Amino acid sequence: MDTIFALSSGAPPAAIAVLRISGPQAGNALEKLAGRLPSPRRATLAVLRDPDGAELDRALVLWFPGPATATGEDLAELHLHGGRAVVNAVERSLGAVAGLRRAEAGEFTRRAFANGRIDLAEAEGLADLLASETEMQRRVALAMAGGHFSRQVDDWRHRVLMLSAELEAALDFDDEDDVADLPADFPIRVGDIADDLRAWLERPRSEMLREGYKVALGGPPNAGKSTLFNAIVESEAAITSAIPGTTRDVLERSVAIEGVAFTFLDTAGLRDAPDDAIEGEGVERARRALESADLVLWLGPEGDGPAGAWEIAAKSDLAVGKRDGAFAVSALTGAGVPALKHALVAAARTALPPVGQAVLNARQFGLISDAYSALTTGHVDPLLMAESLRQARVAFDRLTGRASTEDMLDTLFGRFCIGK
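The written sequence of each chain sets the order in which its residues are numbered from 1. Reporting of local features is limited, given that this is a predicted model, to residues whose pLDDT is at least 70; pairs of side-chain atoms are given and counted only at 80 or more, and all residues count toward the totals for whole chains, interfaces and linings. Side-chain metrics rest on all non-hydrogen atoms present in the structure, leaving aside hydrogens and water.

J.: I keep staring at the overall build of the chain and nothing clicks. Help me out?
T.: Strands here are runs of E lasting at least two residues and helices are runs of H or I lasting at least four, both read from the DSSP assignment and numbered beginning at the N terminus. The number of helices and strands found in the chain is 14 helices and 12 strands. Going through the 420 residues of the chain one by one, you find that 45% of them count as buried. Within the chain, counting contacts between residues at least 6 apart in sequence, those at least 24 apart form 62% of the total. Surface exposure here means Shrake-Rupley accessible area, sampled with a 1.4 Å probe, where a residue is shielded only by the protein chains that are shown. Accessible surface, the chain: about 20,300 Å² in total, of which carbon and sulfur atoms supply 52%. Three labels apply to residues, based on accessible area from a 1.4 Å probe with only protein chains included: buried if under 20% of the type maximum, exposed if over 50%, partly exposed otherwise in between. Only heavy atoms matter for contacts: two residues are in contact if any of them lie within 4.5 Å across the pair.

The structure is reproduced here in structure tokens:
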């Protein structure tokens, strides 16, 4: 197997640049540059030299013999001064060592997976952790990367495996293929696992956490949607004008408020008789945006908005109000906007996953659904029951990577940066 190396810290210039080396030639590469192999797991100051003996840098070097390393292989780290020239010179010297090559995107993490240091669910959590932009995203991804979900899957798999063993034993010892000798609580235990799976399927999905709580602003033309949109996202993202129909398309902006991710949608004004085909298309897109949103802020006549929409009196500075339960705001003066944003954060927190709770992505949701379906078939034939339990085990194995496809692995690990 090749030995790989890559810059694993941020792009230079920086105070420190960390170069990682993983593979069977990691120790040899470290000896060639540092002149010796330091004591394992101890940071050691060393002078790094190129193949001609010229000094490259004075750096801290660390040596981690495998397999108890992040990748499961021999691993070395070079903590360099973070200038571009320093990093480039050290990388050239590493490239000259026989058996070494630059790492591909995600290759360090892929080797950790291949060597059993992490499973597939933990790798997906790590990818989400690296991509997290809000505090909620970070803490949920940390729960997945830390193995919480993997331990839960292992528990389900073990319980199903025990049920399968009991069923197979009953079949082996009964010529009539009768499962009368099964424990009386056998179907109850199957149902308990199915109940656990259903509870996970009912959790909010990771897509909402990543894309943000989707809030659409709706109402007729010239109701103040774009002005309020700009005030909420705190930028002049939308063109505002007193001319009705200025907004012709759905304008989308993603922002974080109090650590919660939001996607706000400014929509075209709704009216029954648009002036032209372009405005008509904008109105149709606006209707679709309102239907797909998690919450609608309705700036039109009271009661005309979609069910569950929040009534917004958007021009409180002009004494344009609504009666019941409405938020009175003025995007021009800023009055009421902080209170509205705070209320939006509170609503989003109830819809998004609780902080620190592991959640399912689309792939995981599909496999949990497969396992749930297998365990709720209601089969009474013992052979069909055995097959249902086997299908559930296959789904669990695919969740953690015991059974997976190369295409799926390529897609996952391609999300990582080169040095990860």
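We are not done yet, so read on.
J.: Is there a simple way to explain the side chain of Arg393 in this structure?
T.: Examined against the element boundaries, Arg393 turns out to sit in helix 13 (residues 382–400). Charged residues are defined narrowly, with Lys and Arg counted positive, Asp and Glu counted negative, and His plus the chain ends left uncounted. Between Lys or Arg on one side and Asp or Glu on the other, a salt bridge is scored when a side-chain nitrogen of the former is within 4 Å of a carboxyl oxygen of the latter. No salt bridge forms around the buried Arg393; measuring N to O, its nearest opposite-charge neighbour Asp397 is 6.1 Å away.

J.: So what exactly am I meant to see when it comes to the pattern of salt bridges here?
T.: Two side chains that carry opposite charge are able to pair once their charged atoms sit near each other. Scanning the entire structure with this criterion turns up 17 salt bridges. Residues Arg198 and Glu202 are paired through a salt bridge, measuring 4.0 Å at the closest nitrogen-oxygen approach. You can call Arg198 partly exposed: its relative accessible area is 34%. Residues Glu234 and Lys341 are paired through a salt bridge, measuring 2.8 Å at the closest nitrogen-oxygen approach. Taken as a pair, Glu234 in the loop between helix 9 (225–233) and strand 8 (251–257) and Lys341 in helix 11 (residues 337–351) lie far apart in primary sequence, 107 residues in all. Using a relative accessible area of 12% as the deciding quantity, one classes Lys341 as buried.

J.: I would appreciate a short explanation of the packing of helix 12 (residues 362–375) against helix 13 in the present structure.
T.: Helix-helix packing is characterised by the crossing angle of the two axes and by the distance between the axes. To obtain each axis, a line is fitted to C-alpha atoms, and for helices this fit is confined to the stretch in contact; angles are then taken between N-to-C directions over 0 to 180 degrees. Running from N to C, helix 12 and helix 13 point in directions that differ by 165°, and their axes come no closer than 8 Å. Relative to helix 13, the element helix 12 lies roughly antiparallel. Relative to helix 13, the crossing made by helix 12 is left-handed. On helix 13, the residues that touch Arg363, Gln364, Leu367, Ile368, Asp370, Ala371, Ala374 and Leu375 of helix 12 are Ser388, Leu389, Gln391, Ala392, Ala395, Phe396, Arg398 and Leu399. Side-chain classes follow a simple rule in which Ala, Val, Leu, Ile, Met, Phe, Trp, Tyr, Cys and Pro form the nonpolar group, Asp, Glu, Lys and Arg form the charged group, and the remainder, Gly included, forms the polar group. Here the contact of helix 12 with helix 13 is built from residues that sort into 10 nonpolar, 3 polar and 3 charged. Here roughly perpendicular refers to angles of 65 to 115 degrees, roughly parallel to angles under 35, roughly antiparallel to angles over 145, and oblique to all remaining angles. Take the far helix as your reference; a near helix turned counterclockwise from it by less than a right angle gives a left-handed crossing, and one turned clockwise gives a right-handed crossing.

J.: I tried to follow the packing of aromatic side chains on my own but got confused; where do I start?
T.: Aromatic contacts are taken between Phe, Tyr and Trp rings whose centres are within 6.5 Å, Trp giving its six-membered ring; a plane angle under 30 degrees counts as stacked, one over 60 as edge-to-face, and the others as tilted. Within this structure, the stated rule accounts for 6 aromatic pairs. Here Trp310 and Phe327 contribute two aromatic rings whose centre-to-centre distance is 5.1 Å and whose plane-to-plane angle is 25°, an arrangement assigned as stacked. Of this pair, Trp310 sits in strand 11 (residues 310–313) while Phe327 sits in strand 12 (residues 327–328); the two residues are 17 residues apart in sequence, bridging distant segments of the chain. When its relative accessible area of 24% is taken as the criterion, Phe327 is described as partly exposed. Linked through ring pairs, Phe149, Trp156, Trp200 and Phe396 together constitute an aromatic cluster. Counting as a charge over the ring demands two things of the Lys NZ or Arg CZ atom: a distance within 6 Å of the ring centre and an angle within 35 degrees of the ring normal. Over the ring of Phe108 we find Arg20, and its NZ or CZ is 4.7 Å from the ring centre. Taking the ring centre of Trp200 as reference, the NZ or CZ of Arg203 above it sits at 3.8 Å.

Purely spatial values, then, with no claim about function.
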